[in-house]
Amino acid sequence: MKLDLKKLKLRKVNEQLQSLDRKVNDRDFTIINPEGNHAVCAGLTEELNINIKGHVGYYCAGMNQKANITIEGNVGTGVAENMMSGKVHVKGNASQSAGATAHGGLLIIDGDASSRCGISMKGVDIVVKGSVGHMSGFMSQAGNLVVCGDAGEALGDSLYETNIYIKGKVKSLGADCVEKKMDKKHIKKLNLLLQEANIKNEKAENFKRYGSAKKLYNFKIDNISNY
Amino acid sequence: MCGIVGIYLKTKKFEKNLGKMLSGMLNNMESRGPDSAGFAIYKNSEKKEYKYSLCINNLDFSKFKKNISNKINKLKLNQYSDHVIVKTTEIPKKFIKLINEEFPEVSIVGYGHSIEIFKQVGNPKDVVKKFNLESFSGTHGIGHTRMATESAITTDGSHPYSTGEDECLVHNGSLSNHNNLRRELKKKGNTFTSENDTEVAAGYVSNSLSNNNSLKNTLVSGLKDLDGFYTFIAGTRKGFAVVRDEIACKPAVIAETKNYVAIASEFQAMAHLPDVNNAKIFEPEPGIVYSWGN
């Protein structure tokens, strides 16, 4: 089904997608003329396939559950923020805070993501085919952040249990973020993620893994300058 | 939050449509700034002639026209609501002195050989309509929709700020060291008409440009001297430049085609521009100065 955001109100389109009858079999939608609107496809809870043709604004596919959403364009701030499950695929570039606080699912960005990509991620897997900006993975708690390009300043600052895999250069590491050994299980997981993101020309062995040094988990007065 | 927009035409194709393109951009940024709006349009004019953008506030236009015509011999006046564009060969020093002394209720919004500036409180859609922005042509333009934070909702507190000949600045963000910087600039001879932080940044840019620094170098040194959050668009006769602070909380997106470069706080501001879906769209990186035409 085709939904034209030039003719239909955004609220109406989102409502239709949010309140889809579970018995309905036709679950493929195309959204045309998104024209940079905010919160397109936010709060979906059903298994749907949605193709958005064009650039969108902030919080696209926010809070997503189960839906498979592809954006054929660029996305603004906070794409797939707080996603619970499902898949969001951005074919262009993403603005800041992509996948922020997301608990699950898979976010794929074909282009670059700007600053704070994966900030406070809580279990989501994010695969960026390009590069990420500064403070990416800030305070991230669980899940995997994979970057095929480079990472900006202060990567993984104050992170917890997220694994960050970077193929290119890292401008600098944030507080308590260190390079870690790639074990077999990490290579296996990374290969799986690359496969899911349909990346065929990269090998897991060529990535470096970054994680928490776990020195700032509990407050210690000696570490005061690092907080 | 505020909305900033700018458009620079690389070719002559859209010169007649500049006002229309910019008004659409401003209208779409209403959600980021409903308190006041303003815009600067650059259009080349005769080199000897100056254009003075004045806000005559509650003054009667015909009275103002009569009185100012008695003081200056050759001048042309165009009225746009409560704004008047005065075209004359009178040099700025003399003209500004005359306005300040003889017409205290009139405020000078900007002046130069090519700039025309309009700004007023109210919803951006109304402001754009009031000044008939759609009818303007030109080479480049900059606009702003304001959500007031650190100073009052007044015409003086509206953007763009113009503190030098053919210069203007719009700002999304807030500065934390503007009081100190204002004091320093005052010592160097700058004058300020408001308590607004952006006016200080505009003064900083003017001061640096008057010392023969390039716009690009000025903004690069601004990254050190201006403390706070910002995305700036700084306009000059030749073009404009964009810079974001290193933290880059304040958004900006650029769309570039073979005919124009557009910048806005959000993509939706430029969704109506011709061929924008085939444009090269990117975010200006933190702490990097992007410049066109200069």
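Computed from a predicted model, the values in this text were never measured in an experiment.

**Overview of the overall build of chain B**
Looking only at helices and strands, chain B features 7 helices and 15 strands. Relative to the 2.2 N^0.38 estimate, which gives 19 Å for 294 residues, the radius of gyration of chain B is 18 Å and therefore close to what a compact globule would have. Overall size of chain B, expressed as C-alpha extent along the three principal axes, is 50 × 40 × 35 Å. Each of the 294 residues in chain B was classed as buried or not, and the buried ones make up 49%. For chain B, contacts bridging at least 24 residues in sequence account for 74% of all contacts bridging at least 6.

**Regarding the interface of chain A and chain B**
If you look at the interface, chain A gives 14 residues, while chain B gives 11 residues. By residue class, the composition of the side of chain A that touches chain B is no nonpolar, 13 polar and 1 charged.

**Brief notes about the sheet that holds strand β5 (residues 83-88) of chain B**
Residues and elements named next belong to chain B. Here 4 strands make up an open sheet; going across it, the order is β4-β5-β3-β6 and the pairing antiparallel. Both outer strands of the open sheet, β4 (75-80) and β6 (107-112), are each paired with one neighbouring strand and no more. The sheet shows a mean angle of 20° between the axes of neighbouring strands, taken without regard to direction. Along the sheet, helix α3 (residues 92-102) contacts β3 (50-55), β5 and β6; its crossing angle with β6, the most-contacted strand, is approximately 170°.

**Some remarks on the confidence of the model for chain B**
Chain-level statistics for chain B give a pLDDT mean of 95 and a share of 100% at 70 or above. Across the interfaces of the predicted complex, the ipTM metric reaches 0.91, alongside a pTM of 0.93.

**Section: the environment of B:E116**
All names here are of chain B. Residue position: E116 is located in strand β7 (residues 115-121). Take E116: there are 26 C-beta atoms within 10 Å of it, and that puts it in the buried class. C-alpha of E116 to C-alpha of V289: the two residues are 173 residues apart in sequence and 25 Å apart in space. What E116 contacts, discounting residues up to four positions off in sequence, is I41, K43, K51, S53 and I85.

**Quick word on the packing of helix α5 (residues 178-187) of chain B against helix α6 (residues 197-210) of chain B**
All names here are of chain B. With their axes 9 Å apart at the nearest point, α5 and α6 run at an angle of 40° to one another. When the axes of α5 and α6 are compared, the pair comes out oblique. Considering the relative orientation of α5 and α6, their crossing is left-handed. Taken together, the residues of α6 that come into contact with α5 (itself represented by H178, L181, R182 and L185) are D197, V200, G203, Y204 and N207. Taken together, the residues of the contact of α5 with α6 sort by class into 4 nonpolar, 3 polar and 2 charged.

**Points about the sheet that holds strand β1 (residues 2-9) of chain B**
Residue and element names in this part refer to chain B. The strand order β7-β2-β8-β1-β13-β12-β14 describes an open sheet built from 7 strands, whose pairing is antiparallel. The outermost strands of the open sheet, each flanked by one partner alone, are β7 and β14 (280-282). Recorded for the sheet is a direction-independent mean angle of 10° between the axes of neighbouring strands. The sheet contact formed by β1 and strand β8 (residues 140-146) spans 7 bridges and is antiparallel. Within β8, the residue paired with I7 across the bridge is G141. In the packing of helix α1 (residues 18-28) onto the sheet, the strands contacted are β1, β2 (36-42), β8 and β13 (260-264), and the crossing angle to β1 comes to about 160°.

**Considering the domain arrangement of chain B**
How big an interface is tends to be reported as the loss of accessible area on association of its parts. Residue and element names in this part refer to chain B. Partitioning chain B into structural domains gives domain 1 (2-42 + 124-292) and domain 2 (45-113). On a C-alpha basis, the centroid separation for the pair domain 1 and domain 2 is 24 Å. At the interface, 11 residues of domain 1 touch 11 residues of domain 2. Taken together, the residues of the side of domain 1 that touches domain 2 sort by class into 3 nonpolar, 3 polar and 5 charged.

Definitions and cut-offs
Residues numbered from 1 in each chain as written. Chains lettered and ligands numbered in written order. Predicted model: local features only at pLDDT ≥ 70, side-chain atom pairs only at ≥ 80, totals over all residues. Helix = DSSP H or I, 4+ residues; strand = E, 2+ residues; numbered from the N terminus. Rg over C-alpha atoms; globule rule 2.2 N^0.38 Å. Buried ≥ 20, exposed ≤ 12 C-beta atoms within 10 Å, placed from the backbone. Contact = placed C-beta atoms within 7 Å. Nonpolar A, V, L, I, M, F, W, Y, C, P; charged D, E, K, R; others polar. Pairing = 2+ DSSP bridges. Axes fitted to C-alpha atoms, helices over the stretch in contact; angles between N-to-C directions. pLDDT = per-residue confidence, 0-100. Parallel < 35°, antiparallel > 145°, perpendicular 65-115°, else oblique. Left-handed = near helix turned anticlockwise from the far one by under 90°. Domains from an automatic or database assignment.

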